[in-house]
Structure formats: C-alpha cells, structure tokens
Amino acid sequence: MEIRPARRSRALGDRRAAGNEADLYIARLFWLDYPGEKPPSVKFVDPSTGRLDIAKAWPMANGFRPGSFDICANWTAEGFVTHPEWATTDNRWNRSGNIVLRVMRLLQQELD
C-alpha cells in the first residue's frame with residue numbers, strides 16, 4: 001500500500017513533521033499478508049524517483065534509520081527483523097482493530 005499525501009491538508013495520508021510544515025514525506029506501507037500475523041514494512045519513497053533507498057526521503061525521528069532504510073519499531077516488519085524476540089514479549093504485534101489507521105497514527109506520532 002502506498003500513501004500519497006495531499007499537498008496542503010492535514011489529512012490522514014499527509015505525513016508531515018509538526019515542526020516544519022514544508023517537510024513532506026511519502027510513506028509506503030506493505031503487508032505480505034494483510035492483515036496477517038506481522039506488521040507492515042514501512043518505507044519512505046523519494047517523490048522524484050519513486051525509489052525506497054534514498055536517505056534524503058527519510059525523516060529524522062525516533063527509531064528511524066535512514067542509512068538502513070528502516071524503522072526500528074514494534075509496528076514495522078523491519079523492527080521485528082532486528083528484534084525477533086519481540087514476537088514473544090509485550091512488544092508483539094497487535095493486529096486487532098483497524099491496523100492501517102493504527103500504523104498511520106503511530107507514524108504521525110513519531111513525526112510530530
């Protein structure tokens with residue numbers, strides 16, 4: 001799933017850091033099996049090329065690793081690759097409810 005934000009709105013798909021409204025990021029959420037047992041892969045897309053491996057397309061936020069092109073968090077597939085032990089702890093993925101909305105809210109919370 002790819003989220004393409006609107007230019008000026010604060011709509012759900014508009015992922016802007018609260019500190020600077022000029023900062024606009026395009027997030028791609030991808031589930032291997034939706035809703036599945038695992039969280040989505042979360043990557044940032046370079047708007048001019050569509051590539052996922054451009055560090056400048058990534059915001060600086062807690063757990064975001066632009067050099068590794070991943071977010072180390074318990075709501076991303078990449079976080080569970082780094083920390084497989086999370087699957088058996090209180091950090092395990094909770095797939096109940098509206099998981100797309102939850103991931104988008106967690107993403108916005110980190111950007112704010």
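Residues numbered from 1 in each chain as written. Predicted model: local features only at pLDDT ≥ 70, side-chain atom pairs only at ≥ 80, totals over all residues. Heavy atoms only, no water.

Most of strand β3 (residues 41-45) is tucked away, with five of its five residues classed as buried. Side chains S41, K43 and V45 of β3 all project onto a buried face; the interleaved residues V42 and F44 project onto the opposite face, where all are buried too. (Buried < 20%, exposed > 50% of the residue type's maximum accessible area, 1.4 Å probe, protein only. Helix = DSSP H or I, 4+ residues; strand = E, 2+ residues; numbered from the N terminus.)

Let's shift gears to the environment of A57. For A57, the location among the structural elements is in the loop between β3 and β4 (64-65). Taking the relative accessible area as the measure of exposure, A57 reaches 7% and is therefore buried. Those residues within four positions of A57 in sequence are excluded, and the remaining contacts are Y25, F44, V45 and D46. (Contact = heavy atoms within 4.5 Å.)

Below, the discussion takes up the confidence of the model for the protein chain. With 80% of its residues at a pLDDT of 70 or more, the protein chain has an overall mean of 83. Looking at the elements of the protein chain, mean pLDDT is at its lowest for strand β1 (residues 15-16), recorded as 50, and at its highest for β3, recorded as 96. In the predicted structure, residues 1-14 sits below a pLDDT of 50 and forms 38 contacts with residues beyond four places in sequence or in another chain. (pLDDT = per-residue confidence, 0-100.)

Another point: the nonpolar core. In terms of nonpolar packing, the biggest core is built from 23 residues, with F44, F64, I71, W75, V103 and L107 touching the most fellow members. Mapped onto this core, the elements with two or more residues apiece are β2 (24-30), β3 and α2 (99-111). Looking at which element gives the most residues to this core, the answer is α2, with six residues. Those residues in contact with V103 that lie beyond four places of it in its chain are L29, W31, P40, V42, W75 and W93. (Core = buried A, V, L, I, M, F, W, Y, C linked by side-chain atoms within 4.5 Å.)

Moving on: the side chain of R28. Mapped onto the secondary structure, R28 falls in strand β2. Among the polar contacts listed, one links the side chain of R28 to the side chain of S41, at a separation of 3.4 Å. (Polar contact = N/O pair within 3.5 Å; in protein donor to acceptor, adjacent residues only side chain to side chain.)

Attention now goes to the environment of P59. Turning to its location among the elements, P59 is positioned in the loop between β3 and β4. For the pair P59 and F44, spaced 15 residues apart in sequence, the C-alpha to C-alpha distance is 8.4 Å. When neighbours within four sequence positions are excluded, P59 is seen to be in contact with Y25, F44, F64, P66 and L111.

The next thing to look at is the packing of aromatic side chains. Across all of its chains, the model carries five aromatic pairs by this definition. For the ring pair Y25 and F44, a centre distance of 6.1 Å and an interplane angle of 75 degrees mean the geometry is edge-to-face. Of this pair, Y25 sits in strand β2 while F44 sits in strand β3, and the two are 19 residues apart along the sequence. Considered together, Y25 and F44 belong to a single accessibility category, that of buried residues. When the centroid spacing of 5.1 Å and the interplanar angle of 85 degrees are considered together, the rings of W31 and Y34 count as edge-to-face. Positioned above the aromatic ring of W93 is the side chain of R102, whose terminal nitrogen or guanidinium carbon lies 5.4 Å from the ring centre. (Phe/Tyr/Trp six-rings, centres within 6.5 Å; stacked < 30°, edge-to-face > 60°. Lys NZ or Arg CZ within 6 Å of the ring centre and 35° of its normal.)

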